[in-house]
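# Results of the structural survey
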Amino acid sequence: MLPDSLKSWLIQWLEDHREFVVAVFCLPASLLFTVLMRFKAYVRWLTSDPQRHDSNVREIQQRVQQWNKLPPEDRRLLCTSRPNWLSLSTTFFQKHLHHQVPIPLYDILELNEADMTVRVEPMVTIGDITEYLIPRGYSLAVTIELTDATLGGLAFGTGMSTHSHKAGLYHETITSYEVVLADGSLVKATADNEYVDLFKTLPWCHGSLGFLVAMTIKIVKIKPYIKIKYIPVRGQKKYCDMLREFSGTYEKVPKEFPDYIEGTIYSKDEAVIMVGDYADYDPNIPVNSCSKWHKPWFYKHVETFLEKGESEELIPLRDYLLRHNRAIFWVVEDMLSFGNKTIFRYLFGWLLPPKPAFLKWTTTPGIRAYTFTKQVFQDIVLPIKELERQIEIASILFEKFPLLVYPCKIIDHGPSSGQLKRPDSKYLVPGTNYAMYNDLGVYGVPGKVKDKKPYNPVAAMRKMEDFTREVGGYSFLYADIFMTREEFEVMFDLSLYEEVRKKYKADGAFPHLYDKVKPELDVFAIGEENAIA
Ligand SMILES: Cc1cc2nc3c(=O)[nH]c(=O)nc-3n(C[C@H](O)[C@H](O)[C@H](O)COP(=O)(O)OP(=O)(O)OC[C@H]3O[C@@H](n4cnc5c(N)ncnc54)[C@H](O)[C@@H]3O)c2cc1C
Ligand SMILES: NC(=O)C1=CN([C@@H]2O[C@H](COP(=O)(O)OP(=O)(O)OC[C@H]3O[C@@H](n4cnc5c(N)ncnc54)[C@H](OP(=O)(O)O)[C@@H]3O)[C@@H](O)[C@H]2O)C=CC1
Ligand SMILES: CC(C)=CCC[C@@H](C)[C@H]1CC[C@H]2C3=C(CC[C@]12C)[C@@]1(C)CC[C@H](O)C[C@@H]1CC3
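What counts, and at which threshold
- Residues numbered from 1 in each chain as written.
- Chains lettered and ligands numbered in written order.
- Predicted model: local features only at pLDDT ≥ 70, side-chain atom pairs only at ≥ 80, totals over all residues.
- Heavy atoms only, no water.
- UniProt positions renumbered as here; feature names shortened; annotations may be inferred.
- Near = heavy atom within 4 Å.
- Polar contact = N/O pair within 3.5 Å; in protein donor to acceptor, adjacent residues only side chain to side chain.
- Areas by Shrake-Rupley, 256 points an atom, 1.4 Å probe, with all protein chains shown as cover.
- Helix = DSSP H or I, 4+ residues; strand = E, 2+ residues; numbered from the N terminus.
- Nonpolar A, V, L, I, M, F, W, Y, C, P; charged D, E, K, R; others polar.
- Axes fitted to C-alpha atoms, helices over the stretch in contact; angles between N-to-C directions.
- Parallel < 35°, antiparallel > 145°, perpendicular 65-115°, else oblique.
- Left-handed = near helix turned anticlockwise from the far one by under 90°.
- Contact = heavy atoms within 4.5 Å.
- Patch = residues over 30% accessible without salt bridge, like charges linked within 9 Å, V, L, I, M, F, W, Y side chains within 5 Å.
- Salt bridge = Lys/Arg side-chain N within 4 Å of Asp/Glu carboxyl O.
- Buried < 20%, exposed > 50% of the residue type's maximum accessible area, 1.4 Å probe, protein only.
- Lys, Arg positive; Asp, Glu negative; His and termini not counted.
- Core = buried A, V, L, I, M, F, W, Y, C linked by side-chain atoms within 4.5 Å.

As recorded in an unreviewed UniProt entry, the chain goes by the name Delta(24)-sterol reductase, listed as coming from Arctia plantaginis. Regarding the chain, the relevant UniProt record gives this comment under Cofactor (unreviewed entry): "FAD".

Within the structure, ligand 1 sits among 17 residues, and Arg18, Glu19, Asp334, Tyr370 and Gln375 are positioned closest to it. One nitrogen or oxygen atom from the side chain of Gln375 is found 2.8 Å from an oxygen atom belonging to ligand 1. Within the side chain of Lys452, a nitrogen or oxygen atom sits 3.1 Å from an oxygen atom of ligand 1. Its free accessible area being 830 Å², ligand 1 has 73% of it covered by the protein chains. Secondary structure elements with two or more residues in the shell around ligand 1: α1 (4-16), α2 (18-46), α14 (365-374) and α16 (447-450). Taken together, the residues of the shell around ligand 1 break down into eight nonpolar, two polar and seven charged.

Look at helix α8 (residues 236-247) against helix α15 (residues 387-398): their axes get within 9 Å of each other, and the N-to-C directions meet at 130°. The orientation of α8 relative to α15 falls into the category oblique. Handedness of the crossing formed by α8 with α15: right-handed. Each of Gln236, Lys237, Tyr239, Cys240, Leu243 and Arg244 in α8 lies in contact with α15, whose residues at this interface are Leu387, Glu388, Ile391 and Glu392. Class assignment of the residues belonging to the contact of α8 with α15 gives a composition of five nonpolar, one polar and four charged.

Right, let's get into the site of ligand 3. Ile328, Phe329, Asp379, Asp439 and Tyr443 are the nearest of the 17 residues found near ligand 3. For ligand 3, whose unbound accessible area comes to 610 Å², protein coverage reaches 94%. For the shell around ligand 3, the secondary structure elements donating two or more residues are α13 (356-361), β13 (376-383) and β15 (434-444). Sort the elements by how many residues they give to the shell around ligand 3 and α13 lands first, with three residues.

Attention now moves to a nonpolar patch on the surface. Together, Leu31, Val35, Trp293, Ile343, Leu347, Phe348 and Trp350 make up an exposed nonpolar region whose accessible area comes to about 700 Å². Where the nonpolar patch is concerned, the elements lending two or more residues are α2 and α12 (342-348). Looking at the element boundaries, Trp350 is found in the loop between α12 and α13.

Along the chain, Arg345 turns up in helix α12. Buried Arg345, no salt bridge; nearest opposite-charge side chain is Glu333, N-O distance 11 Å.

One finds Leu140, Tyr170, Phe398, Met464 and Phe488 to be the most contacted residues of the largest nonpolar core, which totals 160 residues. Look past the residues within four positions of Tyr170 in its chain and what remains in contact with it is Leu140, Val142, Ile144, Leu151, Leu154, Ala155, Gly159, Met215 and Ile217.

Applying the stated criterion across every chain yields a total of 30 salt bridges. Between Glu470 and Arg389 there is a salt bridge, with the nearest N and O atoms lying 2.8 Å from each other. Of the two residues, Glu470 sits in helix α17 (residues 457-470) while Arg389 sits in helix α15, which places them 81 residues apart along the sequence. Classification of Glu470 as exposed rests on a relative accessible area of 54%. Judged by its relative accessible area of 35%, Arg389 falls in the partly exposed class. A single network of salt bridges, built from pairs that share partners, joins Lys237, Asp241, Arg244 and Glu388.

Laid out in structure tokens, this is it:
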């Protein structure tokens, strides 16, 4: 055992030399972990047994039934036993204070080509499903860019991609959820069966209503390439208008509108808009396998079109879908300053990305406080008609570019239809039941922190959240939130959710949504300590 003084010196040293930890530990450990996971997946495939799903689910049911038999004082609230460091959230939910149930469900259960759906277990990852579907000529309608995200985590959190202006949020593509409830019963919730209330409230529930054991998701037919057009635009109004036009903000999305849309904003006045369509090989257009280890990070490649001018490329579909994986959008830039250097890419690029899991695993309290107070990781869903205001406010508060913009359709499912509030009628696309929103992604170290100027993270984030509530938007809940419970209940509609928690006895069995997603840190205490502005 190390003496305390040596231990704290070591922790301080590791915190001060984070780049060393990332390069020397996180990268090789990520590779080793990937190899191990592949090996495990291979063994699972070799020993695959159609009965396994049912027996694993029965085991989960039994564990919940046994929990019900415990004396009330021993019944700690339920959560999955997936270690928090494996989860793609910036918060550290305190699992050790809960009763953890293993969910060893990693299989793709059935591809139904007639219904254009795939039935999967919740721990299947984006990496697994793209590897399985693409060679068969399909893809999920909404494929998130990070290979490590799980299909279950995305269903109970949320997901969005550059196809979301057509498909909506990820949960809009789920047709059924199979869930083990607080009493240990197994139910299947669909949009038109007796469990429709559950069906509406499971998205964005973060595991606060039951354990997900399988789900059915819509798939789409694909072609081998995405023909992508990079359009550099100067002038804020111009690029905002263009994003609105292409996404169908003013009229119902016609079929000929692009299948994929993305905007990367490099400064208040400069953006590159990317529009993409499924395509076959065309010898006249250059092919860019942008996800190969030695290729420049995608957002850096995109930035070059500000100088080069409008251009077209063919990107193989899987490379396109996972284009932001290697640099985790632009998150890795702040961690490995040399990560995009040509020599590093050619020699060690295959080690990227560092798995968010290992970044979390090596997070000491000092690093967590640092991440919380001197960095920003936020995705916020806001009406695209307010795009200029979004950019204005985010750039004043965070001085952090690039900003990510993904247009996304938010469907009005009527009153009390789940945690997402109905879009305001002024944002609805005429003649439809949906409004065009967009994800605004802000990632990295705010400009003021870089310039060592006063920066109050809590004040900044709370201003962003005020604006989000004012326009009827929603914060992604994988990220740290800075809201009180009352403010949270203004941003989200919990009316049906609270009824469902009572009806299915989740109250007293699973933590409440707010408790599940609020930061484990005392937001306001940490904020005050760092409040220099
Ligand atoms: C090597 C490296 C690894 C990183 N890993 C992570 C990560 O795993 N998770 C994450 O959220 N962000 C991570 N970051 C992002 C990091 O927090 C900021 O990008 C950046 O270092 C702060 O920028 P600065 O130039 O303003 O501060 P600097 O002047 O670089 O740092 C100011 C002080 O903070 C210390 N410091 C710097 N980064 C950290 C850190 N991450 N934790 C504790 N102390 C730190 C420095 O040693 C220095 O004493 C990492 C950054 C670097 C450089
Ligand atoms: N482009 C995008 O849209 C992206 C979105 N994300 C975000 O990342 C998260 C997904 O990351 P991932 O690591 O896969 O998921 P997580 O492990 O973070 O799970 C997310 C939530 O879902 C719950 N959950 C997951 N599986 C089950 C299950 N089988 N039964 C009950 N509850 C479950 C978890 O509860 P518990 O704590 O009990 O495990 C947790 O609260 C989402 O929040 C998503 O919004 C991330 C990347 C990209
Ligand atoms: C494009 C959309 C809609 C979402 C992208 C979300 C990602 C940028 C985040 C999802 C999970 C986040 C985590 C981190 C950075 C931002 C995400 C990848 C960290 C790697 C930041 C550093 C911390 O130490 C660990 C975090 C894990 C989760």
